[in-house]
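Per-entry structural report
Residue strings, one per chain:
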Amino acid sequence: EPEVTQTPSHQVTQMGQEVILRCVPISNHLYFYWYRQILGQKVEFLVSFYNNEISEKSEIFDDQFSVERPDGSNFTLKIRSTKLEDSAMYFCASRGPLTTEAFFGQGTRLTVV
Amino acid sequence: GENVEQHPSTLSVQEGDSAVIKCTYSDSASNYFPWYKQELGKGPQLIIDIRSNVGEKKDQRIAVTLNKTAKHFSLHITETQPEDSAVYFCAASPFSGNTGKLIFGQGTTLQVKP
């Protein structure tokens, strides 16, 4: 069964460092998303991406965040200068054409120290 | 913007009993309401969804009901089994165009005791 794959599963980084979280969406999917979940809180929408551009972003997704689909298969989330409050589980999701179901990856746990 | 509230935060039932989880949403433009199950160490997985033109949907032991007027929707699991133990999330979406973003509830930890 096709699945969304995220790497790494856990990343520890120093405050102020840049991190890149990687995702491989399901191959024929066209819509891509990043969500995050701070421990004990809701899963929050960060950004949606379609046709090689951001289609919507939340207030959380400020200038420190960026997304890219560099090679037609990977979908990345970059945080330029990490803060302690960026520590969370980050989920990538993708959705196929003409469907409503979003498929989620297993998540990357980001710990900023 | 949209806000989704989910209750209860934890739910413990005996195997074989029913479990009900309730959600309310704020944005009347929301038209798509999925339910996700998250097991330990895994990402959320869709278990059932409903669109706003339908009042109820059933899939074996799982059913979802939607009341658009009251802006609430519920997940019903009958004949619960220990493998139903997980965290369940409701979500709402003003599904249109090129977004389809999901606004999630806080999650419910369901424990089914054998």
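What comes next is a walk through the structure.

Each value, and the rule that gives it
- Residues numbered from 1 in each chain as written.
- Chains lettered and ligands numbered in written order.
- Predicted model: local features only at pLDDT ≥ 70, side-chain atom pairs only at ≥ 80, totals over all residues.
- Heavy atoms only, no water.
- Helix = DSSP H or I, 4+ residues; strand = E, 2+ residues; numbered from the N terminus.
- Rg over C-alpha atoms; globule rule 2.2 N^0.38 Å.
- Buried < 20%, exposed > 50% of the residue type's maximum accessible area, 1.4 Å probe, protein only.
- Contact = heavy atoms within 4.5 Å.
- Areas by Shrake-Rupley, 256 points an atom, 1.4 Å probe, with all protein chains shown as cover.
- Lys, Arg positive; Asp, Glu negative; His and termini not counted.
- Charge placed at Lys NZ, Arg CZ, Asp CG, Glu CD.
- Salt bridge = Lys/Arg side-chain N within 4 Å of Asp/Glu carboxyl O.
- Pairing = 2+ DSSP bridges.
- Axes fitted to C-alpha atoms, helices over the stretch in contact; angles between N-to-C directions.

1. Digging into the overall build of chain A
Secondary structure summary: chain A contains 0 helices and 11 strands in total. If you list the helices and strands of chain A from N to C, you get β-β-β-β-β-β-β-β-β-β-β. Taking 113 residues into account, the globule formula puts the C-alpha radius of gyration at 13 Å, and chain A, at 13 Å, falls close to it. Along the three orthogonal principal directions, the C-alpha set of chain A runs to about 40 × 25 × 25 Å. Looking at chain A residue by residue over its 113 residues, the buried ones come to 45%. For chain A, the proportion of contacts with a sequence separation of at least 24, taken over those separated by at least 6, is 53%. A total accessible area of about 5,700 Å² is found for chain A, and carbon and sulfur atoms account for 47% of it. Between the mean site of the 10 positive side-chain charges and the mean site of the 14 negative ones, chain A shows a separation of 2 Å.

2. Comments concerning the side chain of Thr76 of chain A
Structurally, the position occupied by Thr76 of chain A is in strand E8 (residues 75–79). Residue contacts for Thr76 of chain A: discarding those within four places in its chain leaves Ile20, Leu21, Arg22, Trp34, Ser66, Val67 and Glu68 of chain A.

3. Notes on unusual backbone geometry
Across the junction of Thr7 of chain A and Pro8 of chain A, the peptide omega takes the value -10 degrees, indicating a cis bond. Considering the arrangement of structural elements, one finds Pro8 of chain A in the loop between strand E1 (5–7) and strand E2 (10–13). The omega angle of the peptide bond from His7 of chain B to Pro8 of chain B is -5 degrees, so this bond is cis rather than trans. Mapping Pro8 of chain B onto the fold places it in the loop between strand E1 (4–7) and strand E2 (10–14). Its identity as a non-glycine residue notwithstanding, Asn52 of chain A has a phi of 65 degrees, on the positive side.

4. Some details on the pattern of salt bridges
Tallying each qualifying case throughout the model produces 6 salt bridges over all chains. For Glu56 of chain A, the salt bridge identified is with Lys101 of chain B, shortest N-O distance 2.8 Å. With Glu56 of chain A in strand E6 (residues 53–57) and Lys101 of chain B in the loop between strand E9 (86–92) and strand E10 (103–104), the pair connects residues from two separate chains. Between Lys37 of chain B and Glu39 of chain B there is a salt bridge whose closest N-O contact spans 3.6 Å. The network of salt bridges with common partners includes Lys37, Glu39 and Lys42 of chain B.

5. Here we look at the sheet that holds strand E6 (residues 56–59) of chain B
Residues and elements named next belong to chain B. One open sheet holds the 5 strands; their spatial order is E1-E3-E8-E7-E6, and the pairing between them is antiparallel. Single-partner strands in this sheet number two, and they are E1 and E6. Between one strand axis and the next, the sheet turns by 15 degrees as a mean value, whatever way the strands run. As paired elements, E1 and strand E3 (residues 19–25) share 4 bridges and run antiparallel to each other. Paired with Val4 across the two strands is Tyr25, which belongs to E3.

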